[in-house]
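In case you want the letters, here they are:
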Amino acid sequence: MRLLVTGATGLLGRELLLCAGKQAIDVVPAYHSQALPGGVQLDVRRRDQVRDVIRSVRPDGIIHTAYRQDDWATTALGAVNVALAAGSARLVFVSTDVVFGPRKTAYHEHEAPCPITPYGAAKAAAETAIHAIASDAVIARTSLIVGSDGRSVEEQRVRRLAAGEPGAFYTGNIRCPIHVTDLASALLELLRSDVNGITHVAGPEALSRLELGRLIAIRDGLNPEALPSIPGEPSEIQLDSRRTQAVLRTRLRAASEFLAA
Ligand SMILES: NC(=O)c1ccc[n+]([C@@H]2O[C@H](COP(=O)([O-])OP(=O)(O)OC[C@H]3O[C@@H](n4cnc5c(N)ncnc54)[C@H](OP(=O)(O)O)[C@@H]3O)[C@@H](O)[C@H]2O)c1
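Quick notes on the rules
- Residues numbered from 1 in each chain as written.
- Predicted model: local features only at pLDDT ≥ 70, side-chain atom pairs only at ≥ 80, totals over all residues.
- Heavy atoms only, no water.
- Domains from an automatic or database assignment.
- Contact = heavy atoms within 4.5 Å.
- Buried area = accessible area lost by both parts, 1.4 Å probe.
- Helix = DSSP H or I, 4+ residues; strand = E, 2+ residues; numbered from the N terminus.

- The name an unreviewed UniProt entry assigns to the protein chain is dTDP-4-dehydrorhamnose reductase, from the organism Kribbella pratensis.

And the structure:
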């Protein structure tokens, strides 16, 4: 199988390249601003370029991770451009838990998006368009992505705050973190499965940003009590991933398990 990965220099993109390489998949990385060996340059905002790149690579599958949180053209229109150009390639689109707004109970796949941020709205628009263009595409909503090598936003924030830089963790901001390796492995499985439509691919444990930050601090030998916290606006968004987990061999681990010191 030839697989095109967009956003290949990103946190998830890099992990997908590693995991796919281990599975002997022929991966073509699509990078935006930092060149990668054997890769193709791609700006997903440019519809003609997206079409030409996909025509020349001729992938059997595409995992579309590229986005820019504050840019509708990249996140929404970019996803539309990829879906329009995908042709017969199997498409897996990475979406987010913030297509939903805060709620005390977990969200299931069949529930309609209700975003409260421009980023969430851009992803919800992309999901809707992709479903209309390629009804057999997989839409994989995920939550906070955490790695092991300090590259994720959450790990970097822990280091900065533990070093005394200004800022704080919100105690009321609750999500279902996932390890980047679990996510990459699950996406590759979904790519090769007969699953279509919306899937939830997040960790099984809901944690506040502060609880997550403390677990990262302990793993990294930092003082968890040194992390400042404030309540902030309550914002609880949980994805129920049990339906997707049931069809995966990859086990989506809880953050307290993958961050155990
Ligand atoms: N990180 C999380 O906690 C989290 C949580 C939920 C969902 N997600 C979703 O997971 C996916 C991957 O997230 P990530 O954390 O791996 O992202 P990331 O590390 O920020 O990487 C984003 C990638 O997109 C590329 N990109 C930006 N603009 C582009 C453009 N116009 N054309 C082509 N590529 C472009 C970037 O390349 P340049 O840097 O060269 O521009 C980069 O490689 C995203 O779709 C995101 O919505 C992430």
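Still to come is the rest of the account.
Comments concerning the domain arrangement of the protein chain
Logical step 1: Here the protein chain is partitioned into domain 1 (2–143 + 179–200) and domain 2 (146–174 + 205–258).
Logical step 2: A straight line from the C-alpha centre of domain 1 to that of domain 2 covers 23 Å.
Logical step 3: Residue-level contacts link 29 residues of domain 1 with 24 residues of domain 2.
Logical step 4: Across the domain 1 to domain 2 interface the summed buried area is about 2,200 Å²; carbon plus sulfur atoms make up 52%.
Logical step 5: Area buried by domain 1 at its contact with domain 2 is led by H179, D182 and E189, which between them contribute 28% of it.

Some words on unusual backbone geometry
Logical step 1: With a phi close to 60 degrees, A24 is a non-glycine residue in the positive phi region.
Logical step 2: Position of A24 among the secondary structure elements: in the loop between helix 1 (11–22) and strand 2 (26–31).
Logical step 3: A positive phi angle, close to 50 degrees, is found at R58, a residue other than glycine.
Logical step 4: By the element assignment, R58 lies in the loop between helix 2 (47–57) and strand 4 (61–64).

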